[in-house]
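So you can see what is in the structure, the chains are spelled out below.
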Amino acid sequence: MAGTGASGRDKWETATRLKAALGGENGAAAAGELRALLERVLAPAAGSGGGEAAGEALEWCRCLLSGGEPWDGFVQAVRAYDPATLCGLVWTANFVAYRCRTCGISPCMSLCAECFHQGEHAGHDYNMFRSQAGGACDCGDSNVMREAGFCKRHRIKSNSNVPCVPKDLLMMSELVLPQFIFSLIQHLREGYNEPALDLPSEKDLHKILQVLEPHVSFLEDLTKMGGAMRSVLTQVLTSQQFYKDLSSGVGENACAKKSHEKYLIALKGSGLAFPEDKLACGMEEQGAGTSTLAVQGLAGATATSGQGDSSDEEDQDGSQGVGKRKRVKLSSTTKDQSIMDVLKHKCFLEELLFWTIKYEFPQKMVTFLLNMLPDQDYKVAFTKTFVQHYAFIMKTLKKSHESDTMSNRIVHISVQLFSNEELARQVTEECQLLDIMVTVLLYMMESCLIKSELQDEENSLHVVVNCGEALLKNNTYWPLVSDFINILSHQSVAKKFLEDHGLLVTWMNFVSFFQGMNLNKRELNEHVEFESQTYYAAFAAELEACAQPMWGLLSHCKVRETQEYTRNVVRYCLEALQDWFDAINFVDEPAPNQVTFHLPLHRYFAMFLSKAVKCQELDLDTILPDQEMLMKLMIHPLQIQASLSEIHSNMWVRNGLQIKGQAMTYVQSHFCNSMIDPDIYLLQVCASRLDPDYFISSVFERFKVVDLLTMASQHQNTVLDSEHERSMLEGALTFLVLLLSLRLHLGMTDDEILRAEMVAQLCMNDRTHSSLLDLISLEKNPNPKSGIIPGSLSFESVLSAVADFKAPVFEPGGSMQQGMYTPKAEVWDKEFDPVMVILRTVYRRDVQSAMDRYTAFLKQSGKFPGNPWPPYKKRTPLHPSYKGLVKLLHCKTLHIVLFTLLYKILMDHQNLSEHVLCMVLYLIELGLENSPERESDEEVVRCGQERCHDSWFPGSNLVSNMRHFINYVRVRVPETAPEVKKEPPASTSSDGLASSQNSGTAQVFSLVAERRKKFQEIINRNTSEANQVVRPKASMKWSAPGATPQLTTAILEVKESMLSLLIKLHHKLSGKQNSYYPPWLDDVDVLIHPEIPRYSHGDGMTAVERILLKAAVQSRLNKRIIEEICRKVTPPVPPKKISSAEKKTLDKEERRQKARERQQKLLAEFASRQKSFMETAMDVESPDADTAMEIATSEQHVSEAIYDCVICGQSGPSTEDRPTGLVVLLQASSVLGQCRNSTEPKKLPTTEEEQIYPWDTCAALHDVRLTTLQRYFKDSSCLQAVSIGWEGGVYVQTCGHTLHIDCHKSYMESLRNDQVLQGFSVDKGEFTCPLCRQFANSVLPCYPGNNVERSLWQSHSNKCMRDLVQEVEDLQEQLGTFPSETNLSKEMESVMKDIKSTTQKKYTDYSKSPGSPDNDFLFMYSVARTNLELELVHRGGNLCSGGASTAGKRSCLNQLFHVLAMHMRLYSIDSAYNPWRKLTQTMQDKNSELISEELPEVPVLYRDVSSLLLIQILTMPQPLHKEHFTCIVKVLFTLLYTQALAALSVKCSAEDRMAWKESGALKKNTCNGEKSWEVLLGHVVSELSKGKIYEERETEELTFLTLVTAYSEFSNYFLPLITSLLQHHLFGGDLPSCQEDEEFTVLASCLGLLPSFQSSDEFTSASCLDWPVPAFDMISQWCSELASFADRHPDQVKALLIQEPKWDLPRLLQLPENYNTIFQYYHRKTCTVCTKVPKDPAVCLVCGTFVCLKGLCCKQQSYCECVLHSQNCGAGTGIFLLINASVIIIIRGHRFCLWGSVYLDAHGEEDRDLRRGKPLYICKERYKVLEQQWVSHTFDHINKRWGPHYNGL
Ligand SMILES: [Zn+2]
Ligand SMILES: [Zn+2]
Ligand SMILES: [Zn+2]
Ligand SMILES: [Zn+2]
Ligand SMILES: [Zn+2]
Ligand SMILES: [Zn+2]
Ligand SMILES: [Zn+2]
Ligand SMILES: [Zn+2]
């Protein structure tokens, strides 16, 4: 210890001395001494000794830094000089931070909670988020956020106020810190051992990091001392001199030398070298490189083998030998290899970062480095250092075993550096940031390239990324790509990129690595054995690495001035595409059965074209390539469209489900903008420039339906099975419709697009706000500086224009709907666009759903009753640049196809569906809408070229072709076809029209031949223009059309035009002859205003009519021909001459179709039936259950109750032998115990000051009372003086269904054997009601035939009170005989056991002697009490106003009473102690009690009257006679009344008491003294005055007025309520209904307390008194008990006398309006048990207890805290709010369920797990529902998804 172990005092002294000396003359000597001292204490050898030595070193440093001053004082002093205006708080993962888009300049801006709440962001677009990678607070940084959003602390520019730092304050720091930091570096050097094998010795790394932790923490603490200290640190870290002096290893210090060597080794081991070293080997490489390479023509770049020594290491861990490596090296000298492997450190900061990377970003170190960022000089230096190490970071990341953690740490740093535009621009200019990033990305991807197998498997020269590699699978590239996207969001940086041709070339090269990745090959024979999941990686890579940067770049190409950028991108993109086509040896046809969804180069090209036309006013033709290139460009996107259709047609089933996944992802909302939309747009561009005939025929060829497009009745399809023809044809036509009608990039404004997208999504389904936001991701804008989606209109305003909000509602079953948006009626009427819906649907059923909703709208609004067709919507006008697209609609090829299809549909050929017709009509209509010019009727221009289809149609205009009659068509058919036998018809036709039309015979038409001819033409044109290109011999595959030998040519008589076909179709659709009648014949106006309202919605006939009208409007000739056709009585549809064989296949197909439809319908029906069953079954309020109940209750009124068994279905009475039972659910409940005596419900605490104490709850007060009584009185008597069950009482409820108990037993047996998971535990007796599926756990036997007596005793009897009192006493004296052993009695015993075991033992054992029978007695009548009290609560606390509540309907109290009574009778009360006597007789021998040693009995005035009532009733033999019941009630009322008077008397002042006493005495002898409250009160006062009761004065005295009110309130209430309820259940009869103020009177008369109803003004409660013995004697006797008690315990007398009169209804804690209030307080609150901040905090909504959900920290005997609390707080029921998720969970016994949230955002939506982080507000209705379910104990019934929690919550 002696060496370094100077004592604390020595250190301080040394430090003080040195500081003084340094300032003085001997400064140099002192400096030397200091250096030596530091070298000694900081030496690595000393440090590695473990924590002790490190502590010692740090202790020294503290002393030295402060110069011997106390450390805390020094810290304070330095803090005073903090000029920093930035917050800069650094946080790590899972920290809760905020982001305000209104205030943010950078999208990455984030604020700490404190800064956010201190700033002003009300009304801003902000959200809370849980940090993933960690971050830092940007408050105060005006580069990242607007100053308006700064918080108060960071708004003031305090620079000027901070005085200069005195020189000597930090003098020591300046001297000590260089050596300290150097020692840290030395430790790092020492600790690192280059791993021998590939595996880094992680253990070693962790060890050294652990040792260094105190050092780094020390540095972190220094940074927190503010700007002054940070600035010293910056100096030290960035000084080149310090670094040179200390670490270069040139000195004589051997230790330092060794350390420097280790550093060099580590550097070399990382594939890095000093630039000087590099120079030498670089030369060699250059020489070697050029000689061996195969140049792979990339403009502006030369390829080199690049296998320099330095990269060897990299290649070893990449996969070897796959494909051919292509490494690109840019010719420019600045962008070279040196980026990858040259590194020289010049200051501490640089080497420190190097080691930070080497050690894979230890958290501590990262935090320290980030904490320094508020220092501006440091920030710049650090950013440059980071950029310098960028390549090294990538290499380390790729090798890392924990790449996820490391990625997060990298981004944690880089986001702080690159979000700042100014800084990003600076490093771009000074440090080649862009070159470095692009090069690094390129190098990274190069390590996982494989040869592309697209098109030419053997000879392809293209390489693509291998999506199966870890780099892609694990998304390891993410941090680098996200940095790149981040810097491209800065305009100044993006401009640099777009101007730099070299960078663009490199970038396109990078993108081409993804072109054609993840190739799919269609499996034709076997099902794939293994479904590759690589497609996730592929889609993610294209989106993140290609599309996101693209959108970033595009966001800067929005104005005319940026035309040049677009030209650059398009140029290099086309070059890259050309290279790609060459590399894959592409000619003109795609390889069959292959598809890749990844064409990023195509998409770059397309999106830049679109921007050029839309925003930059560029002439499209100046940037488009030649025709040949366009033809090539269209092939692959088209192939994707055809493949989509194939996949939907189940042609790819053998490839497994994943291929469907790809098809869905391709159109899914997050990808569509970057994938399908650019593809469709590119196809539209190609179509607008290419020959339309060529394009159309290509489409049908790609969709493999060319053979189908013949007019012959039979055909052969060589490429497609006939089962797929139908859906492929639909696919092809649908694609054409999409292509021709979409205007997303062809002229729609951003606002129109947003609106169309929104309408499409809303039409599919009602949507929540967040799902809508999620579904409509317009150009995932990586630069959301505005916070608003592009376009002038915001999302919100468009939404309110197209949709209505449906507020969150509850469905009857209790499930909760969120706030939804639904389309407005006008939207359905005018804007519903099926085309957009088709484009945006992942599942076909979504299209159907939209159509169903549309149908429903039309029906509801009365617009169209039938089954409508998709409405035709007029398209937005085409942008002039794309006018050429219309040519597709006016080309002969398309017309031939349309004509053929119309004909085939009319002739009922197979495989043609209504869908096909719909699309055909759609295309015709589009053609008519977009006819090139008003056709002149004379125009019959024939182009002279000899083409086979010239004989079909004369021109290319659809308007004129429509009326063109085709008489005969040559078809190629199999020899067996019916057409063959036909003779070429003679001119038998009497049809005059035909002669005037083309009488030639249309030639055999072959689409394939057409396309090839066109292709050849285009190629020839090109080749003559440009130099000839060598065409490979692929053309040999071209065979003559129709060469299949079995085919023969036949001539088919047709004699139709499109118009005539349409009219016949109308007849066919309507099922009537001549159903079409031209509307203009009646009303010529329609030709001028053809927009007939009834045409806007309708079915197929409407569509035909609309088309015919449009055709007539456009041409007079058409009009005439239509009229002519109609005028002719057309013969019925040509007779079908179908061979029987053909008929069979047709029938078969039809049958199959019909069977499919039937099956669909059945399934749908089944599903809906099941749904509706579930709804009714699960719904507790469902009418079904209600009727069942009503029947059950109503039947109880007839002489003998008849019960239906819901298991066997038989009905009958319940008998002793075969008892019936009610299905019941027993549950322990503490709801009553939660009542409080205050009308204000408690609030959930949200600050430390607010606390909730359980002292004033009903449960607590009852507990105190019982304990007090037990202290002074005999135990057994105490246990009869109160009720328990306020906590852990047993509540019994039923669904009202009954079953035979033996049936139930076999039912339980069957459940036990059923292995299906049921969500409840049969072993615990749990089951669901066989009828209504309500949860239950026991069966309550029904007492047989007791209804007979009831009617006998319905009326009041005339016996006198005295006799009745005697009768009651006699009946009670009769010993309860054990009932004979019957099935019924056994069941009653068993249910009693169930009831008892429902609650915990601690809730049943209150006796001083455990296990005493008194416990059971108390428990049984308390069960009755609990159920009565709960029913009262359910009725809202009174009987009258809530009388109609459903709560009473399903009560099983009557049956429960029988069970309880049977058991109570077994406990005979010793007649001497029976309270009945004390209530009805005056006793003589009261003195005998006093003598005994025992504790006395509880005085009658202390006894709880309700409990007495239950005891009396339940100990009577059953069934009870009503007259006895009334008698008991009357007697107890006298007691209650006296208790009230006694309580009143102790409350008032002594003077008042005197007054009462006197006035009472005066009136005592008046006639009605026994019924006058004044007289009685006077008597009570005088009697009680005999004891010491009034002696102790209370300060709290009531004034006279409040006294009277208090009195009237309390004497009235409770007993009559409970009693009436009891009477209702025992004897039937309706509960009276009345006003609240009359309640007492009404109840009293109903109970028989009042002879008849009196109006309330003349009424006093005293008039209900009916004394069995003289009142004054009775009262005197009761009072004397108190007096004698008062003699012994004067202090307790009063407290026991005053009982709480009335409890408020149980309530849950009130929650604050804003969720944030809860979140801020609780998410960082520590648990009082474990004193830690829980990972999953939760709070009990009943009592406010804070618990650690799932936390092991607070686990007790295998119970986690939440479960434990649910048992203690709610006797098994717990309601917890999960703080971090905003949702509520319910625990019920061994099960739990997620209830949902009571906090909703502004759009009525939940935000589970706070993912969106938007402000949440309380939904009062939901909370009320929750409270209601809690109070009514219906959690089990209403919530459906319960699961076991295994005590782990
Ligand atoms: Zn902050
Ligand atoms: Zn702040
Ligand atoms: Zn703001
Ligand atoms: Zn049965
Ligand atoms: Zn039921
Ligand atoms: Zn609680
Ligand atoms: Zn805890
Ligand atoms: Zn805990």
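What counts and what doesn't
- Residues numbered from 1 in each chain as written.
- Chains lettered and ligands numbered in written order.
- Predicted model: local features only at pLDDT ≥ 70, side-chain atom pairs only at ≥ 80, totals over all residues.
- Heavy atoms only, no water.
- UniProt positions renumbered as here; feature names shortened; annotations may be inferred.
- Helix = DSSP H or I, 4+ residues; strand = E, 2+ residues; numbered from the N terminus.
- Contact = heavy atoms within 4.5 Å.
- Areas by Shrake-Rupley, 256 points an atom, 1.4 Å probe, with all protein chains shown as cover.
- Donors = N, O, S within 2.8 Å, 3.2 Å for Na, K, Ca; no water.
- Tetrahedral: all angles 85-135°; square planar, octahedral: opposite > 155°, others 65-115°.
- Buried < 20%, exposed > 50% of the residue type's maximum accessible area, 1.4 Å probe, protein only.
- Axes fitted to C-alpha atoms, helices over the stretch in contact; angles between N-to-C directions.
- Parallel < 35°, antiparallel > 145°, perpendicular 65-115°, else oblique.
- Left-handed = near helix turned anticlockwise from the far one by under 90°.
- Nonpolar A, V, L, I, M, F, W, Y, C, P; charged D, E, K, R; others polar.
- Polar contact = N/O pair within 3.5 Å; in protein donor to acceptor, adjacent residues only side chain to side chain.
- Arc of directions from axis to C-beta.
- Pairing = 2+ DSSP bridges.

The protein chain is annotated in an unreviewed UniProt entry as E3 ubiquitin-protein ligase of Gallus gallus. According to the UniProt record, the Sequence similarities (unreviewed entry) comment for the protein chain is "Belongs to the E3 ubiquitin-protein ligase UBR1-like family." For the protein chain, the Function (unreviewed entry) comment in UniProt is given as "Ubiquitin ligase protein which is a component of the N-end rule pathway. Recognizes and binds to proteins bearing specific N-terminal residues that are destabilizing according to the N-end rule, leading to their ubiquitination and subsequent degradation."

K.L.:
Any details on the overall build of the protein chain? Residues and values, ideally.
P.N.:
Helix and strand content of the protein chain: 77 helices and 30 strands. Considering only contacts within the protein chain whose residues lie at least 6 apart along the sequence, 79% involve residues at least 24 apart. Of the accessible surface of the protein chain, which amounts to about 77800 Å², a share of 53% is contributed by carbon and sulfur atoms.

K.L.:
I'd like a rundown of the coordination of the zinc ion (ligand 2), residues and numbers included.
P.N.:
The protein atoms that coordinate the zinc ion (ligand 2) are C115 (SG), C139 (SG), C151 (SG) and H154 (ND1), at distances of 1.9 to 2.3 Å. With four donor atoms in place around the zinc ion (ligand 2) and angles of 100 to 115° between them, the coordination shape is tetrahedral. Along the chain, the residues donating to the zinc ion (ligand 2) fall in the pattern C-x23-C-x11-C-x2-H. Here the zinc ion (ligand 1) and the zinc ion (ligand 2) are spaced 4.3 Å from one another, each receiving a donor from C115. Taken as a pair, C115 in helix α6 (residues 113-118) and C139 in the loop between β4 (135-136) and α7 (152-155) lie far apart in primary sequence, 24 residues in all. Considered together, C115 and C139 belong to a single accessibility category, that of buried residues.

K.L.:
A description of the coordination of the zinc ion (ligand 5) should follow, citing residues and the corresponding values.
P.N.:
Within the first shell, the zinc ion (ligand 5) binds the protein through C1295 (SG), H1297 (ND1), C1329 (SG) and C1332 (SG), at distances of 1.8 to 2.3 Å. For the zinc ion (ligand 5), the four donor atoms in the first shell make angles of 104 to 113° at the metal, so the coordination geometry reads as tetrahedral. Sequence positions of the donors to the zinc ion (ligand 5) reduce to the motif C-x1-H-x31-C-x2-C. Remark: C1329 occurs in the loop between β20 (1327-1328) and β21 (1335-1336) and C1295 occurs in strand β19 (residues 1289-1300); sequence separation between them is 34 residues. For the pair formed by C1295 and C1329, the shared burial category is buried.

K.L.:
Tell me about the packing of helix α28 (residues 563-583) against helix α29 (residues 600-614), and name the residues and values.
P.N.:
Between two packed helices, both the angle of their axes relative to each other and the distance between the axes serve to describe the pair. Here α28 crosses α29 at 155°, and the two axes come no closer than 9 Å. Taken together, α28 and α29 sit at an angle that is classed as roughly antiparallel. Every pair of crossing elements has a handedness; the one defined by α28 and α29 is left-handed. Contact residues: α28 offers T566, V569, V570, C573, L574, A576, L577, W580 and F581, while α29 offers L601, H602, Y604, F605, F608 and A612. Partitioning the contact of α28 with α29 into residue classes produces 13 nonpolar, two polar and no charged.

K.L.:
A description of the side chain of S66 should follow, citing residues and the corresponding values.
P.N.:
Along the chain, the position of S66 falls in helix α4 (residues 51-66). There is a polar contact of 2.8 Å between the side chain of S66 and the backbone oxygen of E69.

K.L.:
Describe helix α5 (residues 71-79), and please don't skip the residues or the numbers.
P.N.:
Turning to α5, its buried residues number three or more, namely W71, F74, V75 and V78. Buried residues of α5, seen end-on, are gathered within an arc of 100° and therefore sit on one face of the element. Exposed residues pointing more than 90 degrees away from the buried face of α5 are listed as D72 and Q76.

K.L.:
So, the sheet that holds strand β18 (residues 1220-1229): which residues are in play, and what are the values?
P.N.:
The strand order β19-β18-β22 describes an open sheet built from three strands, whose pairing is antiparallel. In this open sheet, the two strands that pair with only one neighbour each are β19 and β22 (1338-1341). Pairs of neighbouring strands in the sheet enclose a mean axial angle of 40°, with direction left out of account. Relative to β19, β18 runs antiparallel, the two sharing nine bridges. Residue A1228 lies in a different strand from β19, and its bridge partner there is V1290. Of the strands in this sheet, β18, β19 and β22 are in contact with helix α62 (residues 1453-1464), which crosses β22 at around 80°.

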